[in-house]
Structure formats: structure tokens, C-alpha cells
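Structural description and commentary
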Amino acid sequence: MYETAKRLALSGCSVRTRSRTAPTGLDSGDLNNLPGVGIGAASDPTNRLTVSAPATLLNHAGGGHQVKVNKASAGDTASLLYQTAFPGRAEMGLAGNDDFSVKVSATGGTWRTALTAVAATGGVQLHHFAQLVPGTAPAAPARGTVYYDNAGNVLRCFDGAVWQDLFEGA
């Protein structure tokens, strides 16, 4: 059997290493409980599944498809972290509690929570400010739709029948 640190790629009934292809003799259970897998990169003890590729596809098997990120307890983190040259720049998920949040960082060190969906109430909190890009009324608005009217310089809300001005600009 090959050493667990050796990078392997399965191709039919053979294992391809960077230097040669050899018959595997692998059983289906031989690929369970591996200490790490690297595809185009090396895995490490923290990043036990590492993929270096222009894209990664997780496809359905006939119906829908879910990606599940599970945490051990409410105080732990289950999130997706987006990075630039490895420092974090944006994170979304359950970070230290069970509320879903979106956080951003300009430096990778100082984080600001932009949005939180509170698990207990379903309410959404904007932590800093929201800027509505001026535009025109949506063609088929739902009750409660809000937009900033570019022509009239007015914030408007659809009450289910007509648009109501929320305030008028100067």
C-alpha cells in the first residue's frame, strides 16, 4: 500500500502518482478515514481537504444538493471564509453563536459585522448602514417593497395598493 502522505488521483482501477501509474489493489474501504487529501495541493492537519483548481464542482445525484457545515456547539464556528492572498476578507455563517452573520474586513485583522439574521426571532439586523442605489419603481412590487426614487429624490414603500413616500429630499 502507498504511504498516506503520497498524493493520489484515482483513475479507473489504477492509482496515478506524479511519476507513474500502478495497479491499486485498493478496496472500497481503503479510501475511508484518510488523514488528508490534496488535489493539486498538499493537505495539512488543519486543511485536511485541500483543492487548488480554477473551479470546484459539487454536483447533484439526481435531485438537489446541499453543502453541510456542522459545528460541535453554539459557541463554535461554522462558516465560509473568503480570502485575498490568505488573510480573510469576508465571512458568512454561524460565527460563535447560532445567528447567521455576514462579516467583512478591509485588513484581514479587524472585522465588522454587516448583517445578522437572528436565530431566535428570524429578524434581520443591519449593523452599520444601508445605501439604496437610486432607481425606478419595480414593475411588479410586493407589499413592503422599498426603493429610492431617482427622479423624485424620495424613499418610497409599496403598501400593497400604491406607493407611499417615506420622506422627501431637499
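Small disclaimer: the values here were computed from a predicted structure and weren't measured.

Next up on the list: a nonpolar patch on the surface. On the surface, L58, V67, V69, L80, Y82, M92 and F100 cluster together into a nonpolar patch covering about 640 Å² of accessible area. Inspection of the secondary structure assignment puts L80 in strand 6 (residues 77-83). The partly exposed category is assigned to L80, whose relative accessible area is 39%.

Here we take up the sheet that holds strand 10 (residues 124-126). The strand order 6-7-8-9-10 describes an open sheet built from five strands, whose pairing is antiparallel. Of all strands in the sheet, those bounded by a partner on one side alone are strand 6 and strand 10. The sheet shows a mean angle of 15 degrees between the axes of neighbouring strands, direction not considered. As paired elements, strand 7 (residues 88-95) and strand 8 (residues 100-104) share five bridges and run antiparallel to each other. Residue pairing in the sheet places G93 in a bridge with S101 of strand 8.

To continue, consider the layout of surface pockets. Of the pockets and cavities examined, the largest pocket occupies roughly 890 Å³. Looking at the largest pocket, it is lined by 19 residues, and the ones nearest its centre are N47, L49, V51, L81 and Q83. If you tally residues by element for the lining of the largest pocket, the top one is strand 6, at five residues. In terms of residue class, the lining of the largest pocket is made up of 10 nonpolar, seven polar and two charged.

Glancing now at the confidence of the model for the protein. Looking at the protein, the pLDDT average stands at 86 and 82% of residues meet or exceed 70. For the protein, the element scoring lowest by mean pLDDT is strand 1 (residues 9-11), at 46; strand 8 scores highest, at 98. This model gives residues 1-7 a pLDDT under 50, and the stretch forms 14 contacts once residues within four places in sequence are excluded. Note that residues 9-18 has pLDDT below 50 and, in this model, 25 contacts with residues that lie over four places away or in other chains.

On to the packing of aromatic side chains. Enumeration over the complete set of coordinates arrives at three aromatic pairs. Ring geometry for Y147 versus W163: centroids 4.8 Å apart, planes at 80 degrees, classification edge-to-face. Highlighted residues: Y147 in strand 11 (residues 146-149) and W163 in strand 13 (residues 163-168), separated in sequence by 16 residues. Note on Y147: relative accessible area 8%, which makes it buried. Ring centres of F158 and W163 lie 5.2 Å apart, and the angle between their planes is 55 degrees; this geometry places the pair in the tilted category. One exposure class covers both F158 and W163, and it is buried. These aromatic residues form a ring-pair network of at least three members: Y147, F158 and W163.

Let's shift gears to the pattern of salt bridges. Within this structure, the stated rule accounts for two salt bridges. The residue K71 makes a salt bridge to D98 at a minimum N-O spacing of 3.1 Å. Here K71 is found in the loop between strand 5 (49-51) and strand 6, whereas its partner D98 is found in the loop between strand 7 and strand 8, with 27 residues between them in sequence.

Regular strands show a simple pattern: their side chains alternate between the two faces of the sheet. Here seven bridges tie strand 6 to strand 7, and the two strands are oriented antiparallel to one another. Bridged to Y82 within strand 7 is A90. Between the end of strand 6 and the start of strand 7, which pair antiparallel, lie four residues, with A85 showing a positive phi angle near 55 degrees.

Another point: the pairing of strand 8. Of the two faces of strand 8, the one holding S101 and K103 is buried and the one holding F100, V102 and V104 is not buried anywhere. In this antiparallel pair of consecutive strands, strand 7 and strand 8, the connection spans four residues, and G96 shows a positive phi of 85 degrees. Across five bridges, strand 8 lies against strand 9 (residues 112-117) in antiparallel orientation. Within the sheet, the bridge partner assigned to K103 lies in strand 9 and is T113.

What counts, and where the lines are drawn
Residues numbered from 1 in each chain as written. Predicted model: local features only at pLDDT ≥ 70, side-chain atom pairs only at ≥ 80, totals over all residues. Heavy atoms only, no water. Patch = residues over 30% accessible without salt bridge, like charges linked within 9 Å, V, L, I, M, F, W, Y side chains within 5 Å. Areas by Shrake-Rupley, 256 points an atom, 1.4 Å probe, with all protein chains shown as cover. Salt bridge = Lys/Arg side-chain N within 4 Å of Asp/Glu carboxyl O. Helix = DSSP H or I, 4+ residues; strand = E, 2+ residues; numbered from the N terminus. Buried < 20%, exposed > 50% of the residue type's maximum accessible area, 1.4 Å probe, protein only. Pairing = 2+ DSSP bridges. Axes fitted to C-alpha atoms, helices over the stretch in contact; angles between N-to-C directions. 1 Å grid on protein atoms, 1.4 Å probe; cavity = no way out; pocket = protein on both sides within 12 Å on 5 of 7 lines; lining within 4 Å. Points joined across faces, edges and corners; volume = space filled by probe spheres on them. Nonpolar A, V, L, I, M, F, W, Y, C, P; charged D, E, K, R; others polar. pLDDT = per-residue confidence, 0-100. Contact = heavy atoms within 4.5 Å. Phe/Tyr/Trp six-rings, centres within 6.5 Å; stacked < 30°, edge-to-face > 60°.

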